[in-house]
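The lines below spell out each chain.
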Amino acid sequence: MTEAKAKLLKQRYNAEKRFKLYGQIAIALALMFLTLFMYKIFSKGYTAFQKTWIQTEVHYDRDLMLIEGTNPTLQELEEADYFDVAYKAMTRLDPSLPEELDRQLIQMVSYAYEKEVKELLLKNPDYLGKIVPIRLTASDDLDQVHKGNYPRDIPEEDRRVNNYQLKIYDMLNERGDIKSTFNFSFFTNPDSREAELAGIASSFMGTVFSILVCLIFSFPIAVLAAIYLEEFAPKNKFTDFIEVNINNLAAVPSIVFGLLGLGVLLAVFHLPRSTPLVGGITLSLMTLPTIIIAARASLKAVPPSIREAALAMGASNMQTTMHHTVPLSMPGTLSGTIIGLAQALGETAPLILIGMVAFVNTIPGTPVDPAASLPVQIYIWSESAERGFVEKVSACIMVLLAFLILMNLAAQVVRHKFEKKWS
Amino acid sequence: MNKITARDVNVFYGSKQALFDISINIQEKEVTALIGPSGCGKSTFLRCMNRMNDVIDICRVEGSIKMDDLELNSNKLDVVRLRENVGMVFQKPNPFPKTIYENIAYGPTIHGLAQSKEEMDQIVETSLKKAALWNEVKDRLDEIGTGLSGGQQQRLCIARAISVSPEVILMDEPCSALDPIATAQIEELIDDLKKEHTIVIVTHSMSQAARVSQKTGFFHLGKLIEFGETEKIFKNPDNQQTQDYITGRFG
Amino acid sequence: MNLVLISLILLLGFSSYFFGRKKALVIQSSQRLTALPKFYGYYLSIWCAVPALIIFALWSIFEPSIVKNLILSDYDGQILNKNELQLTYTKIKALALGNYSGNITNFLDNSANKYLQIKGIADNAKIVIILSILIFSLSYAYKSIQKNNRMREPVEIFLKWLLFTASLAAVLVTIGIVFSLLFEAIRFFQAVQFFDFIFGTHWYPAKTFVRDGQPDPELLKDAFGAVPLFAGTFFIAFIAMCVAIPIGLLSGIYLSEYSGRNVRKYAKPIIEILAGIPTVVYGFFAALTVGPFVKEIGNAMGFEVSAESALAAGAVMGVMIIPFISSLSDDVITAVPQNLRDGSYAMGATKSETIKKVIFPAALPGIVGSILLAVSRAVGETMIVVMASGLAANLTINPLESTSTITAQIVVTLIGDQQFGDPKTQSAFALGITLFLVTLFLNVIALSVVKKYREKYD
């Protein structure tokens, strides 16, 4: 072998090694993005599942509450004045409290602290006149300090918690009066302007309703359409036209569906704005092509031998299809439907356009109550500057991702467990 | 002179054994035919000689296959160089979806055999001439190779194999996808090529083996049943099984 | 009243099933049935409910506009524009229903009375017509049963039509999209010149915002130039492709040609996860982490970087698109026949040479198709841009600046006060139809390229 030949060979082998390496780097990069991404979300979000409370005592003083008589009714308790009682519950934390700093002390608990004081009494009317321990939700700033998300060693003007508040915080913490528990209210509270009170209950229900509406509207129509196209449609230009339409729709950007919802559902049909009903219908228009394509693939996969056996028994085309082909294709169809719904679940832009982005601080009870959805909630919260919301957004993302993972797993289970293997 | 010597070659696909203790000598500048019923391992053995079995994950080759004292079944062997020297023509013609010129030029390009365009043109012309295709395509070298007829495509593949001047050409049922006229053309070509190349051809057509080869090996169920002069194998084989196959009792 | 009618129809339809089936059992005693008794039930039920429901639906769709036209024909003499007419009609309806608390003029009063009159007649007519339809169709169907006609075939024909109608849904949706977009877009182009829209370089709709009345046409001319948006859209898509194509292609090639079975089994689904993450989550990540990071790095290197740079948005969008290209390339490359690979290996080519010189060129149309689909995806992407890139249209080729896209502007335009007569709102639809056409164009080309490629190897 000549020297030139040997050299060429070496070059070729080096090129081979390099090429393989590029491929590995590419995959590693893709995996790295995913890992980095997951890490960021989790590290910022896990603290949202922890709620910070300040432990103190409250004296339900009748006089301060402006209650007459010794046995007030629930109604009277409802209408009593809790301001002073609550105020005192906080100020007793610092007996040496200078007058002008009382605002700052109060700001260490949530905006809703007065309501919390009231609620405790309404749940336990026998507390009236007594001094009882009470836990008050910490403000979102204090909550972040307790979780270590706020740096303490920057100048006071740059901080959201000032020196006095930090002093009180440290004192209370040492005494054990700063409590941390699992943040159930994240799951049970609706949205709120106050980060410490904000929860995903309203957007969760909004998502649930939208997906249900989406399912109800898209599944029957899509499956019927798929059956027609796969089993009964004649091979002509019109059928081709329908198929072209379906393939195109599957690739139309989701925001166009939002415009459709806005222009038709709201402007023409005057359906109620900002509701999961409209959101669900808009989503169903998007999911329709996905389910049709999945259902058709499943129908196609049923072996012709089954069809032939049924026909040979004297069944009509319709009976063959409905009694045999369709039931056998159901696992694949359902699996594809679940995946389609999972995609719809993550959609944001179309829902914003039809108004499911308003600030909703009640939990929707029906699909015609205004609501947001989980992805829209993520969008709304991420636009809020406060630190407390960063944590909430990340946690909400975790919930959304969990939801998606569950749905994808369900789709896999449905496919593998119930599908018959045509070997 | 032995060109290729195989000793105790065993080939496994996963846990299933496909070849059992194959020992054979391939003479140089001669046509050796490998015959036998479907699935008897002859293609598998053919592919051992240019290490094409490497392409199949689960295939494992044991034993010794030597070409001119070079051990082919060794991890240290440079497979790329081997294949420059041992060409292969496949059952189904597989020209690249490139022009006729580019198809032939592919081998010389990657192996750096031509220093200039003129040299490459020369190689292309020579290869096509040797494959008896030049006259038919010389005016349309920049047409796509896949546009030729079946027989022409196979000759194109042969020309491509020749373009790097291999010492050995392996042919895996090269005519089974072709019509009788194309088959006859290729057989004529093989007869011509043996003057400069050692040829091993796998074929399921006994008449073809009888026509083109000087030596024949009969394979059955992964074993080499008999190997010898073609005339002997077909006229009076030593082994009863060989006799049965030749006379058509099975396979 | 509508509710009562619908319930009546549905109830009748439901009960006629049992009625029909019973009749079949009666017939059975004297004659051979042409189908199972249940089909007799279905037959009666379908004939009962379906015609009535169809008439009901048609009536409900067309009645409101007919009534409206009748009432508003009185106002033909007056010079009122569309909005004012609509407002007047709303007032008339409200007055008629007793919900009006404003100023009652003679005109309004007369119209309201007329409305009540017409509506009364219409409602009565509706009930009469539907009831008669019910009676006619029921008796026709019943006679058919008595004559013991074939029962299963008509039912199956009906079912087939039902299936057919369902399949029209996709077509209807497309028509819906085209019309709803077109309608508003046309109105937009009545206020703003098409030329100014397509070629104008200044997009600033906010400055046309006027509380009442019509915006100044002069202002309109210079506020809806969409060129910065087109540029921004394709610029960010370009950045995304710069990230997605190398990583996506190389990983697709590696997965299909180099990786062992195990690596492929695990790596492929994991990369697919990138495609399943909702885009709003990507947007958040881009805004919170990538944007500031890019800004820091850029500043450290001495550049002026926006916190909402096109680079940040484009890069994150690219990551999102990686699995599209990776998966599709993987499929396309795997589809190249093994025969071709064998031919190349037998020539003594290395794996990378085979990939670069034989497989990739053979798979190229399929890969190009998948890239076009990915570009289409990038162009249509909304949330990442809304959250991570600027909301102000800025014509630039500097990736460190912030810029906006068609999709982001649609969101921005529609998220505030919306009035349907306002050019600002209508501009969103004009943008929408542009987007729809561009992605349609890309998709059609991509699909035809992939189709031609498939034909070569089937």
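Residues numbered from 1 in each chain as written. Chains lettered and ligands numbered in written order. Predicted model: local features only at pLDDT ≥ 70, side-chain atom pairs only at ≥ 80, totals over all residues.

Undergrad: How should I be thinking about the overall build of chain B in this particular structure?
TA: Assigned secondary structure in chain B consists of ten helices and ten strands. Scaling as 2.2 N^0.38, a compact globule of 251 residues should have a C-alpha radius of gyration of about 18 Å, and chain B matches this with 18 Å. Seen through its principal axes, chain B has C-alpha atoms that stretch 55 × 40 × 35 Å. Out of the 251 residues in chain B, the part that is buried amounts to 47%. At a minimum sequence separation of 6, the contacts of chain B that also span at least 24 residues come to 68%. (Helix = DSSP H or I, 4+ residues; strand = E, 2+ residues; numbered from the N terminus. Rg over C-alpha atoms; globule rule 2.2 N^0.38 Å. Buried ≥ 20, exposed ≤ 12 C-beta atoms within 10 Å, placed from the backbone. Contact = placed C-beta atoms within 7 Å.)

Undergrad: Looking at this structure, how should I read the overall build of chain C?
TA: When helices and strands are counted, chain C shows 16 helices and zero strands. Compactness check: chain C gives a C-alpha radius of gyration of 32 Å against a globular reference of 23 Å for 458 residues, more than 25% above the reference. Its C-alpha atoms give chain C principal-axis dimensions of roughly 85 × 70 × 35 Å. Buried residues in chain C amount to 43% of all 458 residues.

Undergrad: Sorry if this is basic, but what is going on with the sheet that holds strand β4 (residues 59–67) of chain B here?
TA: Whenever strands of a sheet pair, they do so through backbone hydrogen bonds, lying parallel or antiparallel. Spatial strand order, β2-β1-β4-β5 (chain B): four strands in an open sheet with antiparallel pairing. Whereas interior strands pair on both sides, the edge strands pair on one side only; in this sheet they are β2 (16–27) and β5 (70–71) of chain B. (Pairing = 2+ DSSP bridges.)

Undergrad: Can you help me understand the sheet that holds strand β3 (residues 178–182) of chain A in this one?
TA: Residues and elements named next belong to chain A. Taken in spatial order, the three strands of this open sheet run β2-β1-β3, and their pairing is antiparallel. In the strand order of this sheet, the two ends are held by β2 (131–137) and β3, each with one partner. Each strand of the sheet is rotated relative to its neighbour by a mean of 40°, with strand direction disregarded. Along the sheet face, helix α3 (residues 83–91) touches β1 (50–59) and β2 and points at about 110° away from the line of β1. (Axes fitted to C-alpha atoms, helices over the stretch in contact; angles between N-to-C directions.)

Undergrad: How do you make sense of the interface of chain A and chain C when you look at a structure like this?
TA: Many analyses report the size of an interface as the accessible area lost when the parts associate. Listed by partner, the interface residues are 62 residues for chain A and 67 residues for chain C. Contributions of two or more residues to the side of chain A that touches chain C are made by α1 (3–45), α9 (201–232), α10 (237–250), α11 (254–266), α12 (276–301), α15 (349–353), α16 (374–382) and α17 (387–418) of chain A. For the side of chain A that touches chain C, the element with the highest residue contribution is α1(A), accounting for 18 residues.

Undergrad: Would you mind going over α10(A) with me for this structure?
TA: Residues lying three or four places apart along an α-helix face the same way, a consequence of the helix completing one turn every 3.6 residues. All names here are of chain A. In this model α10 runs 20 Å from its N-terminal to its C-terminal C-alpha over 14 residues, within 8% of the 20 Å that 1.5 Å per residue would give. Along α10, the positions that sit buried rather than exposed are Ile242, Asn245, Ile246 and Leu249. An end-on view of α10 places all buried positions within 95° of arc, on one side of the element. Facing away from the buried side of α10, by more than 90 degrees, are the exposed residues Lys237 and Asp240. (Expected span 1.5 Å × (residues − 1). Arc of directions from axis to C-beta.)

Undergrad: What should I look at first to understand the nonpolar core in this one?
TA: Grouped burial of nonpolar side chains is what soluble globular proteins tend to show. Counting 256 residues, the largest nonpolar core has Ala225(A), Ile378(A), Ala286(C) and Val316(C) as its most contacted members. Looking at this core, the element that brings in the most residues is α9(A), giving 18 residues. Leaving out residues up to four positions away in the same chain, Ala225(A) has contacts with Ile292(A), Ala166(C), Ser167(C), Ala169(C) and Ala170(C). Tyr60(A), Met90(A), Leu121(A) and Ile134(A) belong to the second largest nonpolar core, which has 25 residues in total. (Core = buried A, V, L, I, M, F, W, Y, C linked by C-beta atoms within 7 Å.)

Undergrad: So what exactly am I meant to see when it comes to the environment of Glu102(B) here?
TA: Residues and elements named next belong to chain B. Assignment of secondary structure puts Glu102 in helix α3 (residues 100–110). You can call Glu102 partly exposed: it has 19 C-beta atoms within 10 Å. Linking Glu102 and Asp179, residues 77 residues apart in sequence, is a C-alpha distance of 26 Å.

Undergrad: Hey, could you run me through the packing of helix α13 (residues 304–312) of chain A against helix α14 (residues 317–345) of chain A in this one?
TA: When two helices pack together, their arrangement is captured by the angle between the axes and the distance separating the axes. All names here are of chain A. The interhelical angle for the contact between α13 and α14, taken along N-to-C directions, is 160°, at an axis separation of 10 Å. Put simply, α13 runs roughly antiparallel to α14. By crossing handedness, the relation of α13 to α14 is classed as right-handed. Contacts between α13 and α14 involve Ile306, Arg307, Ala310 and Leu311 on the former and, on the latter, Thr320, His323, His324, Thr325 and Leu328. (Parallel < 35°, antiparallel > 145°, perpendicular 65-115°, else oblique. Left-handed = near helix turned anticlockwise from the far one by under 90°.)

Undergrad: Any chance you could explain the packing of α3(A) against helix α5 (residues 113–123) of chain A here in plain terms?
TA: Residue and element names in this part refer to chain A. It is the contact of α3 with α5, at a shortest axis distance of 9 Å, that shows an interaxial angle of 105°. Considering their axes alone, α3 and α5 lie roughly perpendicular with respect to each other. Here Phe83, Val85, Ala86 and Ala89 of α3 come into contact with α5, specifically with Tyr113, Glu114 and Val117. A breakdown of the residues in the contact of α3 with α5 according to their chemical character gives six nonpolar, no polar and one charged. (Nonpolar A, V, L, I, M, F, W, Y, C, P; charged D, E, K, R; others polar.)

Undergrad: What am I meant to see in the interface of chain C and chain B here?
TA: If you look at the interface, chain C gives 13 residues, while chain B gives 18 residues. Going through the elements one at a time, α12 (338–346) and α13 (351–380) of chain C are the ones with two or more residues in the side of chain C that touches chain B. Counting residues per element, the side of chain C that touches chain B draws most heavily on α12(C), which supplies six residues. Across the side of chain C that touches chain B, the residue classes break down as seven nonpolar, four polar and two charged.

Undergrad: Hey, could you run me through α1(A) in this one?
TA: The end-to-end C-alpha distance of α1(A) is 62 Å, a good match for the 63 Å that 43 residues give at a rise of 1.5 Å each. All buried positions along α1(A) are accounted for by Phe19(A), Gly23(A), Ala26(A), Ile27(A), Ala30(A), Phe33(A), Phe37(A), Ile41(A), Lys44(A) and Gly45(A).

Undergrad: For this particular structure, what's the right way to read the pairing of strand β1 (residues 2–13) of chain B?
TA: The side chains of a regular strand alternate between both faces of the sheet. As paired elements, β1(B) and β2(B) share eight bridges and run antiparallel to each other. Counted as the bridge partner of Asn2(B) is Gln27(B) from β2(B).

Undergrad: Would you mind going over the confidence of the model for chain C with me for this structure?
TA: Regions with low pLDDT carry predicted coordinates that are not meant to be interpreted in detail. All names here are of chain C. Mean pLDDT over chain C stands at 85; residues scoring 70 or higher make up 93%. Summarising per-element confidence for chain C, the mean pLDDT is lowest in helix α7 (residues 217–223) (69) and highest in α12 (93). Here the prediction assigns the complex a pTM of 0.84, and the interface score ipTM is 0.87. (pLDDT = per-residue confidence, 0-100.)

Undergrad: Is there a simple way to explain the environment of Phe18(C) in this structure?
TA: Summarising the element assignment, Phe18(C) is placed in helix α1 (residues 2–28). Placed 234 residues apart in sequence, Phe18(C) and Gly252(C) show a C-alpha to C-alpha distance of 60 Å.

Undergrad: Sorry, what's going on with the environment of Arg160(A) here?
TA: Residues and elements named next belong to chain A. Looking at where Arg160 falls in the secondary structure, it is placed in the loop between α6 (140–146) and α7 (163–175). Note on Arg160: 15 C-beta atoms within 10 Å, which makes it partly exposed. Between the C-alpha atoms of Arg160 and Phe204, which are 44 residues apart in sequence, the distance is 30 Å. Discounting chain neighbours no more than four positions away, the residues touching Arg160 are Asp141 and Tyr150.

Undergrad: Explain unusual backbone geometry here, please?
TA: Excluding glycine, a negative phi dihedral is what most residues carry, and trans is how most peptide bonds are arranged. You will see that Ser274(A), though not glycine, has its phi angle at about 60°, which is positive. Along the chain, Ser274(A) falls in the loop between α11 and α12. Owing to 22 C-beta atoms within 10 Å, Ser274(A) belongs among the buried residues under this scheme. Residue Asp21(B) is not a glycine yet carries a positive backbone phi of 45°. With respect to the helices and strands, the residue Asp21(B) is situated in strand β2. Overall, Asp21(B) belongs to the partly exposed group, with 13 C-beta atoms counted inside 10 Å.

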